[in-house]
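# Descriptive analysis of the structure
Given next are the chains, with one letter for each unit.
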Amino acid sequence: MFKTPNKYLLLFLVLAFAFAYRILLLHWATYPPGADIGLHESVVHSITSSGNTDFLWNNYQMGGGLSLTFPGYHIFVSHIILMTGIPDYLVHSLVAAFFSSFIVLCAFLIGRRVWGESTGFIVAFLVAISRFDVEMLLWGGFPNAVTLLLIPMVFYLYLERERFSMVPFLVTTTFLSGAIFLTHSLSAVMFVCITFSTVIIAAIFSKRVGVSKKHILAWLLPIFLGAIIVSPFLVDAVPAYLGANSDTFTGGVSGIRLALLSTRVLPLEWVIPLFASVIFFFLFSKKYLSKFITVQALLLTLWILVPMLFTQAYLVGIYTDYNRFLYFIILPLILLISLGIDHGAGFFSRIIDTYLSLTKKAQTKKSTSKISRLVSHLSCKRIYAGFALSFLIVSFLAVPIFLTPFRGVEIQRFYQTMNDSGYEAMQWARQNTPDGSVFVSDAYYGWWFSGFAQRPTLSAVDPQYLSLAREFEPANVAKSLLDTNYMIDNGLIQVREDGGYLGRHNPEILAKLNWTYFPYAFLNFNNSRTEIKYRVDDSLQFLYLDQLPVKEMRIENDTSHATIVVTKGNGFFNYTELTTVYRGSPFVNMTITIESAVDGVSLDWLGFTMNSKGYMQAQQNNTIALLDEGVKAFSQLIFNKEQPKVVLVNHDNPCIFTLDYNLQGKAEVEIQMAVTTYSVSDDQEIYQSQERKDQYFSNIITTNLNSYQKQIPDSPALYVFDYQKAVNDWNISYIACRDSEILPKFVNDPTFSLVFINNEVAIFMVKKGFA
């Protein structure tokens with residue numbers, strides 16, 4: 001296709017472009033994006049800072065504890081850091097980009113070996129712009145990026161087995177296999193499964209494949225020898241990995257299992273085409289290699305099928321992040337696309353060349369046959385190059401698995417976590433807080449914090465991104481602490497209460513939907529929009545609840561119920577709100593008591609401005625009902641004592657309405673209401689007819705009015721979160737907060753003291769005497 005010097009130059013340029021493209025996106029905003037770089041840095045410091053030789057222990061991640069992040073990459077990076085003195089985050093990005101870029105070279109070698117040189121160059125360019133490879137770097141999957149190079153390197157050597165004598169072949173593939181085992185657990189599983197599957201099927205059909213069983217069985221030797229080389233690590237890692245993850249893999253930690261099923265299951269519109277695509281390997285094998293079943297076709301087919309089968313592991317009760325398996329199929333998938341481009345360009349170039357040859361038949365006869373063939377050959381090559389280039393450009397711009405610079409910058413911005421202010425806060429914490437101080441922060445920043453501040457950190461990570469069962473509880477504590485002060489969850493409904501220091505969720509009522517793990521915030525009381533009017537003698541006064549000083553906050557609970565108590569007051573009256581959740585009840589009971597503190601104070605009016613999802617479905621004397629038809633969630637408020645005037649402010653989603661209570665100048669008032677929200681039927685026939693829908697929800701409303709005090713037997717135990725108890729139980733010393741909305745929760749609470757702030761991060765110290 002090209003002259004030999006030009007081939008090497010072109011390949012070098014594609015390789016250089018791949019590296020530059022990755023580095024540019026990684027450092028578009030100076031600091032590498034993504035959170036996982038913090039995890040890797042915490043592993044590096046766990047290895048180097050204290051002379052720790054236990055590769056299964058992380059001093060910082062999720063407060064410190066068992067770690068199953070395989071250390072091969074981190075050992076390599078730690079040596080580079082110690083030898084060069086380059087900033088740690090730069091070493092991580094350079095090493096990861098280097099390995100990721102060389103996937104281009106490996107893809108070229110495999111493409112050339114299997115289908116031809118032209119296919120090799122096409123696949124090299126497409127891998128250089130592969131979205132999945134680049135995006136893995138942007139979110140910080142650096143060890144996985146390394147093994148995504150090592151695995152195809154071993155497969156290439158397998159395919160070139162006849163070019164090597166046994167000793168060089170075994171030495172090279174053994175060390176590469178051992179490196180895979182030491183670097184990334186999931187990659188090791190995929191590598192072993194793909195290799196064994198290929199060997200077994202090729203051995204069974206050895207005559208049809210055209211290779212001897214001895215030849216194909218030699219592929220297994222490097223796996224066993226590589227495992228032996230790193231056996232001192234694997235002997236400890238494998239039992240720890242299986243033991244620590246057994247609950248996660250089998251769904252023992254229900255929160256992780258449900259979160260995975262809610263968010264990480266691949267849609268069928270992806271799964272079916274990916275499974276079906278492998279048929280083309282056999283068709284192209286017949287076209288190019290004259291046989292449907294060849295070693296090359298089998299390897300590439302199983303390179304896709306094995307990871308795709310693992311994406312469906314939830315069907316047999318195995319739970320993990322199924323999206324991660326897609327990274328393993330990208331290279332064979334790009335090989336298939338490249339083969340299609342090569343075949344298509346060749347097909348069209350031959351048609352056009354034939355057409356041009358026929359139209360110039362007279363002129364061709366006048367020239368010598370040798371010159372004619374040469375001109376025709378050059379013309380065909382140019383046409384082929386034109387079509388190939390056109391197909392590459394279309395793929396680059398239109399196929400979603402390839403990454404344009406504009407889309408790359410968008411993804412980089414999505415994952416970008418760190419900036420100068422965030423990095424400054426981490427350096428301050430590392431220099432000004434005691435070693436071993438436990439921090440809490442959000443998911444992305446918390447992972448950075450654990451590694452670069454070198455402090456045990458609880459990160460508010462969603463369950464579907466957790467790899468260990470032990471991480472679930474600290475992540476849940478961090479997530480709750482950075483969101484609210486109190487939470488009660490009985491499995492049927494959830495309540496979050498910010499307490500008295502933040503006028504936001506006072507309380508917030510969340511539905512437990514039947515199609516997702518994550519509660520759905522349906523109805524919200526907000527102290528900053530709750531107004532009280534009262535009279536001191538004959539002088540009318542008013543204020544919003546968030547302006548009242550806090551007198552007391554606590555939570556009371558036993559096995560049957562939990563009650564959040566918030567008392568606020570000034571010199572004229574006291575306001576007490578009790579929010580109670582019973583085990584087995586889908587209703588939240590709210591009791592609000594307002595009483596004058598001195599003579600001459602009378603209470604005139606109380607107004608709640610309510611924000612809710614959906615729209616008003618029904619309104620009766622002592623109840624209102626709301627419906628969010630999009631998510632099939634229903635809510636109902638039942639007023640037990642005082643009946644408010646309900647004023648609809650906005651009917652459409654989000655529904656805004658007011659509950660206005662005339663307090664009639666009393667000195668003491670008690671208001672009671674019961675609130676529920678939950679999933680309802682998704683039967684579309686109910687919603688197609690207004691009459692049928694009204695009848696369906698009328699029955700629900702009536703049933704609730706008659707039975708809202710009943711409890712369901714054998715219900716799950718109550719989950720209760722109390723922020724002060726959590727701070728004590730987890731020995732939390734500092735909160736690193738980046739959310740400006742939640743800052744008043746810490747600023748106004750005497751439990752916390754602000755010790756550092758810039759335009760990105762506020763760090764609060766926990767006052768142990770208060771917590």
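Starting from 1, residues in each chain are numbered consecutively following that chain's sequence as written. Residues qualify for local features only when their pLDDT is at least 70, as the model is predicted, and side-chain atom pairs are given and counted only at 80 or more; totals for whole chains, interfaces and linings, by contrast, use all residues. The side-chain values count all of the structure's non-hydrogen atoms but skip hydrogen atoms and water molecules.

## A look at the overall build of the protein
Each helix corresponds to a stretch of at least 4 residues labelled H or I by DSSP, and each strand to a stretch of at least 2 residues labelled E; elements are numbered beginning at the N terminus. Helix and strand counts for the protein stand at 29 helices and 25 strands. In terms of its C-alpha atoms, the protein occupies a principal-axis envelope of roughly 115 × 65 × 45 Å. Three exposure classes are used, based on accessible area relative to the maximum for each residue type with a 1.4 Å probe and protein chains only: buried under 20%, partly exposed in between, and exposed over 50%. A burial count over the protein gives 56% of its 771 residues as buried. Contact criterion: two residues are considered in contact whenever any of their non-hydrogen atoms come within 4.5 Å of each other. Look at the contacts in the protein between residues 6 or more apart in sequence, and 67% of them connect residues 24 or more apart.

## A few points about the pairing of strand S11 (residues 550-557)
Pairing of S11 with strand S12 (residues 561-569), which is carried by 7 bridges, proceeds in the antiparallel orientation. Residue pairing for S12: glutamate 556 is matched across the bridge by threonine 563. Counting the residues in the hairpin turn of S11 and S12 gives 3 residues. Pairing between strands is defined by DSSP: at least two bridges between the two strands are required.

## Focus: unusual backbone geometry
The linkage connecting asparagine 506 with the following residue, proline 507, adopts the cis geometry, with an omega of -5 degrees. Tracing the chain through its elements places proline 507 in the loop between strand S6 (493-497) and strand S7 (508-511). Positive phi outside glycine occurs at threonine 30, with the angle close to 70 degrees. Secondary-structure assignment places threonine 30 in the loop between helix H1 (4-26) and helix H2 (36-48).

## Overview of helix H17 (residues 279-289)
Think of an α-helix as 3.6 residues a turn; residues three or four steps apart then line up on the same face. The complete set of buried residues in H17 reads Phe281, Phe282, Phe284 and Ser285. Buried residues in H17, looked at end-on, bunch into an arc of 165 degrees, giving them a common side. Serine 290 sits one or two positions beyond H17 and adopts a positive phi of about 70 degrees. Within this analysis, the arc is defined by the directions that extend from the helix axis to the C-beta atoms.

## Considering the packing of aromatic side chains
Ring pairs are drawn from Phe, Tyr and Trp, using the six-membered ring of Trp, whenever the two centres fall within 6.5 Å, and their geometry is named by plane angle: stacked under 30 degrees, edge-to-face over 60, tilted for the rest. Enumeration over the complete set of coordinates arrives at 52 aromatic pairs. Ring centres 5.1 Å apart and planes at 25 degrees place the aromatic pair tyrosine 31 and tyrosine 423 in the stacked group. Pair noted here: tyrosine 31 is in the loop between H1 and H2 and tyrosine 423 is in helix H23 (residues 420-432), with a separation of 392 residues, a long-range link. The exposure class assigned to tyrosine 31 is buried, which follows from its relative accessible area of 7%. One aromatic cluster in this structure is built from Phe155, Tyr158, Phe169, Phe181, Phe191, Trp219 and Trp303. Sitting over a ring, as applied to charges here, requires NZ of Lys or CZ of Arg to be within 6 Å of the ring centre and within 35 degrees of the ring normal. Over the ring of phenylalanine 169 we find arginine 161, and its NZ or CZ is 5.1 Å from the ring centre. Over the aromatic face of tyrosine 687 sits the side chain of lysine 632, whose NZ or CZ is 4.9 Å from the ring centroid.

## Side note on the packing of helix H8 (residues 142-159) against helix H9 (residues 166-183)
H9 packs onto H8 with a crossing angle of 155 degrees between their chain directions and a minimal axis gap of 9 Å. With respect to H9, the axis of H8 lies roughly antiparallel. H9 is crossed by H8, and the crossing has left-handed handedness. Within the contact between the two elements, H8 uses Pro143, Val146, Thr147, Leu150, Ile151, Met153, Val154, Leu157 and Tyr158 and H9 uses Phe169, Thr172, Thr173, Leu176, Ser177, Ala179, Ile180 and Thr183. Residue type decides the class: Asp, Glu, Lys and Arg count as charged, Ala, Val, Leu, Ile, Met, Phe, Trp, Tyr, Cys and Pro as nonpolar, and the leftover types, Gly among them, as polar. Among the residues making up the contact of H8 with H9, the classes are represented as 12 nonpolar, 5 polar and no charged. Under this scheme, a helix contributes an axis fitted over its contacting stretch, all axes are lines through C-alpha atoms, and angles between N-to-C directions fall in the 0 to 180 degree range. Roughly parallel covers angles under 35 degrees, roughly antiparallel covers those over 145, roughly perpendicular covers 65 to 115, and oblique covers all other angles. For a crossing to be left-handed, the near helix must be turned anticlockwise from the far one by less than a right angle; the clockwise case is right-handed.

## Quick notes on the side chain of serine 130
Positionally, serine 130 belongs in the loop between helix H6 (117-128) and helix H7 (131-139). Once you skip the residues sitting within four places of it in the chain, serine 130 turns out to touch Ile330, Ile334, Ile401 and Phe402.

## As for helix H13 (residues 221-229)
Turning to H13, its buried residues number three or more, namely Pro222, Ile223 and Gly226. Looking straight down H13, one finds that the buried residues subtend no more than 100 degrees of arc, so they occupy a single side. Buried positions along H13 lie against H8, H9 and helix H10 (185-204).

## Let's talk about the state of the cysteines
The criterion for a disulfide is a pair of cysteine sulfur atoms lying within 2.5 Å. In this structure the tally under the stated criterion is 0 disulfides. Lacking any disulfide linkage, cysteine 193 is separated from the closest cysteine sulfur, that of cysteine 106, by 20 Å. Overall, the relative accessible area of 26% leaves cysteine 193 in the partly exposed class.

## Section: the sheet that holds strand S25 (residues 762-766)
Strands sit in the order S4-S3-S23-S25-S24 across an open sheet of 5 strands; the sheet is mixed. With partners counted over all chains shown, the strands left at the sheet margins are strand S4 (457-460) and strand S24 (752-757), one partner each. Strand-to-strand twist of the sheet, defined as the mean angle between neighbouring strand axes without regard to direction, takes the value 25 degrees. Sheet topology note: the strand S3 (residues 438-442)/strand S23 (residues 732-737) ladder contains 3 bridges and is parallel. Residue pairing in the sheet places phenylalanine 439 in a bridge with tyrosine 734 of S23.

## Quick look at the pattern of salt bridges
The working definition used for a salt bridge is a side-chain nitrogen of Lys or Arg within 4 Å of a carboxyl oxygen of Asp or Glu. This model, assessed by the stated rule, comprises 23 salt bridges. Among the salt bridges present, the one from glutamate 162 reaches arginine 113, with a minimum N-O distance of 3.3 Å. With glutamate 162 in the loop between H8 and H9 and arginine 113 in helix H5 (residues 103-114), the pair connects residues that are 49 residues apart, well separated along the chain. For arginine 535, the salt bridge is made with aspartate 604, and the minimal N-O distance between the two is 2.7 Å. Taken together, the positions of arginine 535 in strand S9 (residues 530-536) and aspartate 604 in strand S15 (residues 601-612) put the pair 69 residues apart, joining distant regions of the chain. The exposure class assigned to aspartate 604 is buried, which follows from its relative accessible area of 19%. By sharing partners, the salt bridges in this structure join Arg113, Glu160, Glu162 and Arg163 into a single network.

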